[in-house]
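Coordinate inspection notes
Chain by chain, the residues run as shown.
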Amino acid sequence: MVLHRLFPAMFPAKDTEPAKSRNATLYLLRCVFFMGIQSPPKNFFLVYILWSFALNLCSTFYQPIGFISGFISHLSEFSPGDFLTSMQVTFNAYSCSTKVIIVWLLHKRFEQANLILDQMDKRLTQPRERSKVHSAVSFSNRIFFGFMTVYMVYATSTFISAVSFGRPPYQNYYPFLDWRSSKWEFWLQAGLEYFAMLGACFQDVCVDCYPINFILPLRAHMRNFAERLRQLGQDPNETPEESHEKLIECILDHKVILRFCDTLRPVISGTIFVQLLVVGLVLGFTIINIVLFANFASRIAALSFMTAVLLETTPFCILCNYLTDDCFDLADALFESNWIDKEQRYKKTLIQFLQSLQKPIVFMAGNVFTISVATNISATKFSFSVFTLVKQMNIAEKLSQPSAIE
């Protein structure tokens, strides 16, 4: 199978093969490298620097400026649909650039987290334990390519929809370039905007998908950890010293899990906070455009954009809820172990450990919001408030008038 040869990490490995949790981020980290935010390799130093400069100049830094400049320069020429399309993408472009800069500053934590995953893999000795990790690795990589597909479909569908009507996708401002003056300049501007949006979507996939790619193998390890907790004290031939030693090993395993979460917490906190701030507003503009102004082709592009925006927060918020449940399962698993007949020292250690396990792992967005499904719903509900406000104030009718945005 071609896909199996090209992307082997998308498919579960055999149970006999050692677990490699870091493969869950294999394609993610390759794309992070192509974002141009890492140290240049010695063999391709100049090429990497030029690529990094071109991509980040167009997508990270200039694109948000180009949107605002386009508004100022050509606002009177925008149709309501064009105006809302540019507005929804402008807010998302600023949030994407901010998230890219956050990942740029903290991307070294990704490798640190993978080293901790390597440490967790060493504790896996049974085929069923390795099987859970192999499944998480393949699922993680499939999700990454699913994100990539949705984001690239949006960029391409928007480009095709716009050029079919004889205009650039976003009508950004480029100095010394007037797309109305000639076909050559029109296609040059459309190509520049398409390249910038492809680069932005490529970056957005990386900065939105990395929490999922790291948390999925963590959940697999936590399920294996729960099984180890349940097996504590089950061996009748163990001495009290051996039982206590196994309990201490489990306590150390839990500390490794917490260290893994602490390593990723600053990156996740910054990127998810930025996205939660703008998701409601962006979705509000998109819904207004779909319901009131967009034609069929524009609706397809807007729906793919809405899907991409929802993917930026929803899957990870769901994972955070599952992670909380996993923590409670760990406490239940320890309580279900054979501890009643153990010596007093074992019981005291177990009680202290049990109290630690009862504290769920929680990720915060900017140390302000708890990342959860409830928070995500609250953020996205704001989009309906925006839509309701537009309807009640008859803004749609005013935009539809020829002089509405002159």
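Residues numbered from 1 in each chain as written. Predicted model: local features only at pLDDT ≥ 70, side-chain atom pairs only at ≥ 80, totals over all residues. Heavy atoms only, no water.

Let's shift gears to the overall build of the protein. Counting its secondary structure elements, the protein contains 13 helices and two strands. For the protein, the spread of C-alpha atoms along the principal axes amounts to about 85 × 55 × 35 Å. Counting only residues that meet the buried cut, the protein has 52% of its 406 residues in that class. Counted over contacts in the protein with a minimum sequence separation of 6, partners at least 24 positions apart contribute 80%. Computed over 35 positive and 32 negative side-chain charges, the separation of the two mean positions in the protein equals 2 Å. (Helix = DSSP H or I, 4+ residues; strand = E, 2+ residues; numbered from the N terminus. Buried < 20%, exposed > 50% of the residue type's maximum accessible area, 1.4 Å probe, protein only. Contact = heavy atoms within 4.5 Å. Lys, Arg positive; Asp, Glu negative; His and termini not counted. Charge placed at Lys NZ, Arg CZ, Asp CG, Glu CD.)

A few words on the packing of helix H10 (residues 314-336) against helix H11 (residues 344-357). Where H10 meets H11, the closest approach of the two axes is 8 Å, and the angle between their N-to-C directions is 160°. Between H10 and H11, the crossing angle belongs to the class labelled roughly antiparallel. Relative to H11, H10 is oriented so that their crossing is left-handed. Two secondary-structure elements touch here, H10 through Cys 327, Leu 330, Ala 331, Leu 334 and Phe 335 and H11 through Leu 350, Phe 353, Leu 354 and Leu 357. Taken together, the residues of the contact of H10 with H11 break down into nine nonpolar, no polar and no charged. (Axes fitted to C-alpha atoms, helices over the stretch in contact; angles between N-to-C directions. Parallel < 35°, antiparallel > 145°, perpendicular 65-115°, else oblique. Left-handed = near helix turned anticlockwise from the far one by under 90°. Nonpolar A, V, L, I, M, F, W, Y, C, P; charged D, E, K, R; others polar.)

With that settled, the discussion passes to the nonpolar core. Core analysis: the largest hydrophobic core is formed by 97 residues, its most contacted members being Leu 229, Phe 260 and Phe 363. The leading source of residues in this core is helix H8 (residues 240-293), at 20 residues. (Core = buried A, V, L, I, M, F, W, Y, C linked by side-chain atoms within 4.5 Å.)

Moving on to the pattern of salt bridges. Taken as a whole, this structure holds 15 salt bridges when the rule is applied. The partner of Asp 208 in a salt bridge is Lys 99, and the shortest N-O contact between them spans 2.8 Å. A residue pair is termed long-range when its members are at least 10 positions apart, and Asp 208 in helix H7 (residues 183-230) and Lys 99 in helix H4 (residues 80-106) qualify at 109 residues. Of the two residues, Asp 208 and Lys 99, neither departs from the other in class, the shared state being buried. Across the pair Arg 123 and Asp 253 runs a salt bridge, and its minimum N-O distance is 2.8 Å. Of the two residues, Arg 123 is situated in the loop between helix H5 (108-121) and helix H6 (127-164) and Asp 253 in helix H8; the sequence distance between them amounts to 130 residues. (Salt bridge = Lys/Arg side-chain N within 4 Å of Asp/Glu carboxyl O.)

It is worth spelling out a nonpolar patch on the surface at this point. On the surface, Phe 45, Leu 46, Ile 49 and Leu 50 cluster together into a nonpolar patch covering about 410 Å² of accessible area. With respect to the secondary-structure elements, Phe 45 resides in helix H3 (residues 45-74). (Patch = residues over 30% accessible without salt bridge, like charges linked within 9 Å, V, L, I, M, F, W, Y side chains within 5 Å. Areas by Shrake-Rupley, 256 points an atom, 1.4 Å probe, with all protein chains shown as cover.)

A separate point is unusual backbone geometry. The bulk of non-glycine residues show a negative phi, and the bulk of peptide bonds are trans. Here Asn 367, not a glycine, exhibits a phi torsion of approximately 55°, which is positive. Mapping Asn 367 onto the fold places it in the loop between strand S1 (364-365) and strand S2 (369-370).

Before going further, it helps to examine the confidence of the model for the protein. Any region with low pLDDT has predicted coordinates that should not be read closely. Across the protein, the average pLDDT comes to 87, with 91% of residues at or above 70. Of all secondary-structure elements in the protein, the lowest mean pLDDT belongs to helix H13 (residues 395-400), at 54, while H5 reaches the highest, 96. (pLDDT = per-residue confidence, 0-100.)

Scanning all chains against the criterion turns up 19 aromatic pairs. Aromatic pair Phe 186 and Trp 187: ring centres 5.1 Å apart, planes at 75°, arrangement edge-to-face. Of the aromatic side chains, those joined through ring pairs into one cluster are Phe 7, Tyr 27, Phe 144 and Phe 145. Positioned above the aromatic ring of Tyr 346 is the side chain of Lys 342, whose terminal nitrogen or guanidinium carbon lies 5.9 Å from the ring centre. (Phe/Tyr/Trp six-rings, centres within 6.5 Å; stacked < 30°, edge-to-face > 60°. Lys NZ or Arg CZ within 6 Å of the ring centre and 35° of its normal.)

This part takes up the environment of Thr 324. For Thr 324, the location among the structural elements is in helix H10. Taking the relative accessible area as the measure of exposure, Thr 324 reaches 22% and is therefore partly exposed. Sequence spacing of Thr 324 and Phe 363 is 39 residues, and the spatial spacing of their C-alpha atoms is 9.9 Å. Sequence-distant contacts of Thr 324, that is, excluding residues within four places in its chain, are made with Pro 360 and Ile 361.

Let's shift gears to the packing of helix H2 (residues 26-34) against H6. The N-to-C vectors of H2 and H6 enclose an angle of 45°; their axes lie 8 Å apart at closest approach. Relative to H6, H2 is oriented oblique. Where H2 approaches H6, its residues Leu 26, Tyr 27, Leu 28 and Cys 31 are matched on the opposing element by Asn 141, Phe 144, Phe 145 and Met 148.

Each disulfide is one covalent bond, formed between the sulfur atoms of two cysteines. Under the criterion given, the structure shown has zero disulfides. No disulfide involves Cys 206; its sulfur sits 4.8 Å from that of Cys 31, the nearest cysteine. Counting only cysteine sulfurs, Cys 327 is the nearest neighbor of Cys 250, a cysteine outside any disulfide, at a range of 15 Å. Under the relative-accessibility criterion, Cys 250 is labelled buried at 3%. (Disulfide = S-S within 2.5 Å.)

Here we take up the side chain of Ser 59. As for its position among the elements, Ser 59 is in helix H3. One polar contact links the side chain of Ser 59 to the main-chain amide nitrogen of Ala 200, over a distance of 3.4 Å. Beyond its immediate sequence surroundings of up to four residues, Ser 59 is in contact with Pro 64, Ser 97, Phe 195, Ala 196, Gly 199, Ala 200 and Gln 203. (Polar contact = N/O pair within 3.5 Å; in protein donor to acceptor, adjacent residues only side chain to side chain.)

Its 48 residues give H7 an end-to-end C-alpha distance of 70 Å, which sits within 8% of 70 Å, the value for a rise of 1.5 Å per residue. At Cys 209, H7 shows its strongest bend, of approximately 45°, with the proline Pro 211 following within four residues. (Expected span 1.5 Å × (residues − 1). Bend = angle between axes of the 7 residues up to and from the residue.)

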